Amino acid sequence: MKAKVTQEAVEKLEIRKKIYDVTDESFHGFTVRVHPTGNKVFLIRYQLANGARGRYTLGKFGVVTVAQAKHQAKKILAMAAMGEDPKAKPPSNSFTLKQFIENEYSTWSEAHHQWSKDHIQKLYRFKEFINLPLNEINAQIVEKWRSTCLKNNLAPATVNRNTASLRSVISKAVEWGILETHPLSKFKQLRVDRSPNVRYLTEEEEKRLREALDTRELRLRKNRENGNQWRAEREYDLYPDLNVVPYVDYLKPLVLLSINTGARRGELFRMQWEDVDFDRKSIALVMRGKRKSYTRHIPLNNEAYETLLGWRKMRPLTDKMIFPSKNGTKFDNIQTSWENIRKEAKVNNFRWHDMRHHFASRLVMNGVPLNTVRELLGHTNVEMTLRYAHLAPEQKERAVATLDRI
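As a starting point, this report considers the structure included with it. (Residues numbered from 1 in each chain as written. Predicted model: local features only at pLDDT ≥ 70, side-chain atom pairs only at ≥ 80, totals over all residues. Heavy atoms only, no water.)

1. Some details on the layout of surface pockets
To find the voids left in a structure, one rolls a probe of water-molecule size over its atoms. The condition is simple: Each cavity reported here is a set of points on a 1 Å grid over the protein atoms alone in which a 1.4 Å probe fits but cannot get out, each pocket an open set with protein on both sides within 12 Å along at least five of seven lines, and each lining residue one with an atom within 4 Å of a point. Grid points are joined across faces, edges and corners, and a volume is the space filled by probe spheres set on the points. When residues are sorted by character, Ala, Val, Leu, Ile, Met, Phe, Trp, Tyr, Cys and Pro go into the nonpolar class, Asp, Glu, Lys and Arg into the charged class, and all the rest, Gly among them, into the polar class.
Looking at the second largest pocket, its volume works out to about 290 Å³. What lines the second largest pocket is Asp-249, Tyr-250, Trp-311, Arg-315, Asp-319, Phe-323, Pro-324, Ser-325, Lys-326, Gly-328 and Phe-331. Among the residues making up the lining of the second largest pocket, the classes are represented as 5 nonpolar, 2 polar and 4 charged.

2. What to know about the pairing of strand S2 (residues 20-24)
Put simply, side chains in a regular strand alternate between the two faces of the sheet. Note the following rule: Working definition: with a 1.4 Å probe on protein chains only, accessible area under 20% of the residue-type maximum means buried, over 50% means exposed, and in between means partly exposed. Labels follow the DSSP assignment, with helices taken as runs of H or I lasting at least four residues and strands as runs of E lasting at least two, numbered in each case from the N terminus. Handedness of a crossover is defined as follows: with both strands directed away from the viewer, a clockwise route from the first strand across the helix to the second makes it right-handed. Strands qualify as paired when DSSP identifies two bridges or more between them.
Within S2, 5 of the 5 residues are buried, which leaves it mostly tucked inside the rest of the structure. Side-chain alternation along S2 places Tyr-20, Val-22 and Asp-24 on one buried face and Asp-21 and Thr-23 on a second face that is also buried. As a crossover connection, the stretch from strand S1 (residues 2-3) through helix H1 (residues 7-12) into S2 is right-handed. Bridge analysis of S2 against strand S3 (residues 30-34) gives 4 bridges, and the strand direction is antiparallel. Each bridged residue has a counterpart across the sheet, and for Tyr-20 the counterpart in S3 is Val-34.

3. Section: the side chain of Asn-160
Quick reminder of the rule: Here a residue-residue contact requires only that any non-hydrogen atoms of the pair lie within 4.5 Å.
As for its position among the elements, Asn-160 is in helix H6 (residues 156-175). Residue Asn-160 is classed as buried on the basis of its relative accessible area of 9%. Once you skip the residues sitting within four places of it in the chain, Asn-160 turns out to touch Gln-189, Leu-190 and Val-192.

4. Examining the packing of helix H3 (residues 97-112) against H6
When two helices pack together, their arrangement is given by the angle between the helix axes and by the axis-to-axis distance. Inclusion rule: Axes, fitted as lines to C-alpha atoms, cover a helix only where it is in contact. Angles between the N-to-C directions of the axes lie from 0 to 180 degrees. When describing relative orientation, an angle under 35 degrees is termed roughly parallel and one over 145 degrees roughly antiparallel, while 65 to 115 degrees is termed roughly perpendicular and anything else oblique.
It is the contact of H3 with H6, at a shortest axis distance of 11 Å, that shows an interaxial angle of 80 degrees. The orientation of H3 with respect to H6, classified from their angle, is roughly perpendicular. Contacts between H3 and H6 pair Leu-97, Phe-100, Ile-101, Tyr-105 and Trp-108 from the former with Leu-166, Ser-168, Val-169, Lys-172 and Ala-173 from the latter. Looking at side-chain class alone, the contact of H3 with H6 contains 8 nonpolar, 1 polar and 1 charged residues.

In structure tokens form, the structure reads like this:
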């Protein structure tokens, strides 16, 4: 559609479900592109002396004004008239990767990604080229960055995940017309071991972890008891008595649920009381996405059931979240308390996520079929679950034994 593109007119442009363009009726080629996210981006269409046509992104409305965008558009048209392709030699104020993330991509990501905050944080790891214009980022530059990561002993799987985050950002730049082609379209991921060593707790490690949790609970109860005695002597109001509740805080319930359900840390943080079915002894792990939701149901063993039951009894009935933060929103960090208890238990080289591996490993070693383990873990394909196959060698032995002749 064509219209007079002014500051006031751009402010009033409606947001639709699909991207649409508005071209200035008095400035040929000058366009404002309106995204469903609410972002409005200025573009200029140009033609080179050889007849080739192009399109150049001038900036986001709100970051640049209509007047500034038109001024820059005139520079682009002047370059094109002189036979210079603006994309081959971009002006100094073209979109950098950082600018694109902050001005364009982050808004879209927040609206569509469940884990947008973590995703955006990963993008700032590309320090070597985050301030480069988008159209200067190519496979050679990314390969150099990747080689540095491997040289610094970053795991190939981690490098692949970071690369995938970068590719997704650039894909959006292509989809939105900011880039003509994807510079990493042929960039291949590193080969990784699909059956790596799985870190899970030995019997002795699990015993030490449980003992450390119990010791912590006793210590905090004793500290509260001593504190209240001190306050009573001075006739101060007392804090709640921790000796009459099942748990002193969130840490022990979270650990017990993790090793008994295989739930991811984020899934536990997002759990709501409506997701727990005490009658059927099951929980629904719900991915409440911006565009879609996905749920998997996990039966509760006795320990997980008793843990949730005890935690429910000591929480206010008004709580919506099972593990709310102090302001009642989703809990989002447990790293400090987890590291302290892990060190106290002398469990080395063990991440919170490894409790999920511990859950799966115990199932496999107890003869549970891999496909059932896959369903409980919420893996989209069995390939991800195959990393645990080596923990049940007796299944392979039984399979080969069927070839024996009687």
